[in-house]
Structure formats: structure tokens, C-alpha cells
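Take a look at the letters that make up each chain.
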Amino acid sequence: AVLLFTVIASLRRTSKMTLTTMSRVSHETIEPEPEPVGAPRYVLAAIGGGAGLDAPADAAVATAVGADLLEQIRLAEERTDTAALPALYLALGQQEIARGEAEEGAGHLRSCIRYAARSRNAAVEAEARLELAELAREAGDLTTACEHWQIARSLFHKLARASDVAGTE
């Protein structure tokens, strides 16, 4: 129940931020600009990821959400709620990566994987591994990236999520 609440709260928060950003744009048509090499990237959006990087008005919101996630993680750890921790660490890791804090995000993704393995939450573990694979690929470490992709693919296969298996391949 806590996990479901966390997922719903994260999704609602993300959709509110998107609506706020869209209302500021008014009725202008925005043409996508090519990203320069080495530019910050958007992360996979499993739970709450993919928030805009270049919107300074959203920075305070992202910080507050990150602080809220840290508080939720602290409370879940006090309760030893291993079922809620994987999704919380995944969301926090994705937010940190979206803000350009790749090292901190990667650390929280690794925590996500540890808790997901303990609680047998294969779906969240697979999502975290995909995120870590992308970070490793961007850093030029294709061996580590390949390991994470293979494990994620295996987890998706066990979950019978054929489209995710194909996407991972």
C-alpha cells in the first residue's frame, strides 16, 4: 500500500509540474533543439524521472521533492519497509540524474537494486539497472552497461514483459 501511494504521489507531482510548465508556454509552438554533445540528458521515466533540466523555476520544486523523498526513505528505513524502499530509491536516483548529479543518482540506483533484490521486486530492479546501464554507456564503460542490460533483460523475461525485453535488447 505504501509503495502504491508513493508511485501515485510521484506521478501526480510530475504531472502537476508538467501542467505548470505547459501553462507558462501559452500557445507558442516549440521546436526541439538538438542537444549539444555532453549536454544533460533526460532519464527513463519509470517513476517520476524525466523532469525538465533547464527550467530554473522548477529547481525549487525538484529540491523540495528530493527532500521529500529523502524523508520518505528515512521513514521507510526506520520501519524496515523493504517493500517501499526500492521505488523510493529509484525515484530519488532518477531525480538526481535529471538534475545532473549522476554520481549521487547512481549510488541511489545501486541502493534501489539491493533493496529490490531483497524484496524480490524484479520490475523496479530492472528499471534501475537500465538507468545504470545508460550511465555506464555515457561514461564509455560498455562492459558494465552490457552487464546491467543483460540482467535487466533477464528480469523482464521472468516478468513476461516481452516489449521490455525487446527494448532492452
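Notes on the structure follow. Note that the structure is predicted; figures quoted are calculated from it, not measured.

Right, let's get into the pattern of salt bridges. According to the stated counting rule, one finds nine salt bridges in the structure shown. Residues Arg-74 and Glu-78 are paired through a salt bridge, measuring 2.4 Å at the closest nitrogen-oxygen approach. In this pair, Arg-74 and Glu-78 both sit in helix 2 (residues 59-78), four residues apart, roughly one turn of the helix. When its relative accessible area of 55% is taken as the criterion, Glu-78 is described as exposed. Put simply, Glu-101 and Arg-99 hold a salt bridge, and the shortest N to O gap is 3.5 Å. In this structure, a network of salt bridges that share partners links the residues Glu-71, Arg-74 and Glu-78.

Taking 1.5 Å per residue as the helical rise, helix 3 (residues 85-98) with its 14 residues ought to reach 20 Å, and the 20 Å between its terminal C-alpha atoms agrees with that figure. For helix 3, a buried count of 14 out of 14 residues is recorded, marking the element as mostly surrounded by other parts of the structure. Two residues or fewer past helix 3, Gly-100 is found with a positive phi of approximately 90°.

Cut-offs applied
Just so you know, the residues in each chain are numbered from 1, in the order the chain's sequence is written. Two thresholds apply to this predicted model, a pLDDT of at least 70 for residue-level local features and 80 or more for giving and counting side-chain atom pairs, whereas whole-chain, interface and lining totals are computed over all residues. As a rule here, side-chain values cover all heavy atoms of the structure and leave hydrogens and water aside. Salt bridges are counted wherever a side-chain nitrogen of Lys or Arg sits within 4 Å of a carboxyl oxygen of Asp or Glu. For the purposes of this entry, the term helix denotes a DSSP run of H or I that reaches at least four residues, the term strand denotes a run of E that reaches at least two, and both are numbered from the N terminus. Burial here depends on accessible area, computed with a 1.4 Å probe over protein chains only, as a share of the maximum for the residue type. Under 20% is buried, over 50% is exposed, and the range in between is partly exposed. Take the residue count of a helix, subtract one, and multiply by 1.5 Å to get its expected span.

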